[in-house]
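# Chains, contacts and geometry: an overview
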Amino acid sequence: MLRALRRRWNAYKYRFVPWLALNLRRKRRTLRYVPESSQDKIISDEDVFETLLKTFKALFINDLSRQAHILALLPEIKCKYLGLLTVEQKQSTVNSHNHQSQRVLSPEEVLFNTLGFSITRDQSSLVSAGTGVFVTKGFVPKGTVVSMYPGTVYRKHEPIFFQSLGNPFIFRCIDGILIDGNDKGISRSVYRSCSRRDRLGPFQMSDESWLTAALQNPLAVGQYVNNCSHEKAANVCYQEFDVPEYFPVELKQYLPNIVYSHDIESHLRCVVLVTLRDIKQGEELFSNYYTVVN
Ligand SMILES: C[S@@+](CC[C@H](N)C(=O)[O-])C[C@H]1O[C@@H](n2cnc3c(N)ncnc32)[C@H](O)[C@@H]1O
């Protein structure tokens, strides 16, 4: 009974305001101080854009057989991607009218071939911290986009009360935008309904697969990254990224975020996790849940 209560408290205390206030000064080492919100970015938006583009293009090419409806509708997209195929891939695509003979890799293999690492969720190395995220293969150099924080994006004043009850997966951006990365309960239903609402014919504007065990975008596990502690320093940090208008429409199906409402016209907010140092195979990712912007 006592042990169960202690476990619940350890999981909850990070949301208890008096506990936070008392520990802010004591926990200096586990706080991230940023002089100004404009100085919060570890890498440039262009670098984030390039990494996402490279990864999503590789996922799209690997998945051409499932993209037939898009390719049939927009021949210019077909030309663009056929030009990017390797000779071997082209041959197997040409040999087969419906692309069935193309060798399809798992999204994790595509990530490894494209960025040189793969990541996955597993039991955390911290006692009673539940699930965490690990680099399972390869090596991640400092300053690399290693993961994305999936979820529904709420602008200030949008209704999130019921979704937020007992929900440890709500990420707060510096400007007050909230991202609900919970893959269960009401949060899950809200994401699915917004994602289906925004579908444009054959074009999916966001990825729903992070709600399942079979991820289409293997980066979309950032909501499971645990908080750093005195024993485990942060090795990644969050960075906000607004998806530009010119983001290729055929690649939006891999974006793991969707806006809750279209009342205000704005760019889609995504949050990526960027490595603060080189990370080796087998290491768990730790972020800093508490960033103080002066
Ligand atoms: C966003 S979730 C992270 C995923 C979580 N580990 C899970 O399995 O669902 C945040 C929750 O993870 C747990 N957590 C995160 N960092 C922790 C840490 N350093 N020590 C203990 N629990 C932690 C807390 O329960 C926290 O409310």
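Check the entry above for the structure.
These notes cover the structure that comes with them.

What counts, and where the lines are drawn
- Residues numbered from 1 in each chain as written.
- Predicted model: local features only at pLDDT ≥ 70, side-chain atom pairs only at ≥ 80, totals over all residues.
- Heavy atoms only, no water.
- Salt bridge = Lys/Arg side-chain N within 4 Å of Asp/Glu carboxyl O.
- Buried < 20%, exposed > 50% of the residue type's maximum accessible area, 1.4 Å probe, protein only.
- Pairing = 2+ DSSP bridges.
- Helix = DSSP H or I, 4+ residues; strand = E, 2+ residues; numbered from the N terminus.
- Axes fitted to C-alpha atoms, helices over the stretch in contact; angles between N-to-C directions.
- Contact = heavy atoms within 4.5 Å.
- Phe/Tyr/Trp six-rings, centres within 6.5 Å; stacked < 30°, edge-to-face > 60°.
- Patch = residues over 30% accessible without salt bridge, like charges linked within 9 Å, V, L, I, M, F, W, Y side chains within 5 Å.
- Areas by Shrake-Rupley, 256 points an atom, 1.4 Å probe, with all protein chains shown as cover.

This part takes up the pattern of salt bridges. Counted under the stated rule, the structure contains 13 salt bridges. Its salt-bridge partner being Asp-63, residue Arg-66 comes within 2.8 Å of it at the nearest N-O pair. For Arg-66, a relative accessible area of 39% corresponds to the partly exposed category. Asp-198 is paired through a salt bridge with Arg-197; the nearest N and O atoms lie 2.7 Å apart. For Asp-198, a relative accessible area of 12% corresponds to the buried category. With a relative accessible area of 39%, Arg-197 lands in the partly exposed category. When salt bridges with common partners are traced through the structure, they connect Asp-175, Glu-240, Asp-242 and Arg-269 into a single cluster.

Strand order in this open sheet of 4 strands is S6-S7-S5-S10, and the pairing throughout is mixed. Strands at the two margins of the open sheet, each flanked by one partner only, are strand S6 (170-172) and strand S10 (257-259). Neighbour-to-neighbour, the strand axes of this sheet turn through a mean angle of 25 degrees, independent of strand direction. With 3 bridges joining them, strand S5 (residues 151-154) and strand S7 (residues 178-180) adopt antiparallel strand pairing.

A few words now on the sheet that holds strand S2 (residues 117-123). On the basis of which strands lie adjacent, the open sheet formed by 3 strands has the order S2-S3-S12 and antiparallel pairing. A single partner strand is all that each edge strand has here, and the edge strands are S2 and strand S12 (279-280). Pairing analysis gives 7 bridges linking S2 to strand S3 (residues 131-140), with the strands arranged antiparallel. Bridging across to S3, Thr-120 finds its partner in Phe-134. In the packing of helix H7 (residues 107-115) onto the sheet, contacts are made with S2 and S3, and the angle to S2 comes to roughly 135 degrees.

Below, the discussion takes up unusual backbone geometry. Despite not being glycine, Ser-128 shows a phi value in the positive range, around 55 degrees. As for its position among the elements, Ser-128 is in the loop between S2 and S3. Its relative accessible area of 46% is what places Ser-128 among the partly exposed residues. The backbone phi angle of His-157 is positive, close to 75 degrees, even though this residue is not glycine. With relative accessibility at 80%, the residue His-157 sits in the exposed group.

Bringing the packing of aromatic side chains into the picture now. With the rule as written, the count across this model stands at 13 aromatic pairs. With a centroid separation of 5.4 Å and an interplanar angle of 75 degrees, the aromatic rings of Phe-49 and Tyr-246 are classed as edge-to-face. Taken together, the residues span a long stretch of sequence, with Phe-49 in helix H3 (residues 45-62) and Tyr-246 in the loop between strand S9 (236-242) and S10 at a distance of 197 residues. When its relative accessible area of 12% is taken as the criterion, Phe-49 is described as buried. Ring centres of Tyr-191 and Trp-210 lie 4.9 Å apart, and the angle between their planes is 80 degrees; this geometry places the pair in the edge-to-face category. Of this pair, Tyr-191 sits in helix H9 (residues 185-197) while Trp-210 sits in the loop between H9 and strand S8 (226-227), placing them 19 residues apart in sequence.

A few words on a nonpolar patch on the surface. Taken together, Phe-161, Phe-162, Leu-165 and Ile-186 make up a surface patch of nonpolar side chains, about 460 Å² in accessible area. Tracing the sequence through the fold places Phe-162 in helix H8 (residues 161-164). Since its relative accessible area comes to 59%, Phe-162 is described here as exposed.

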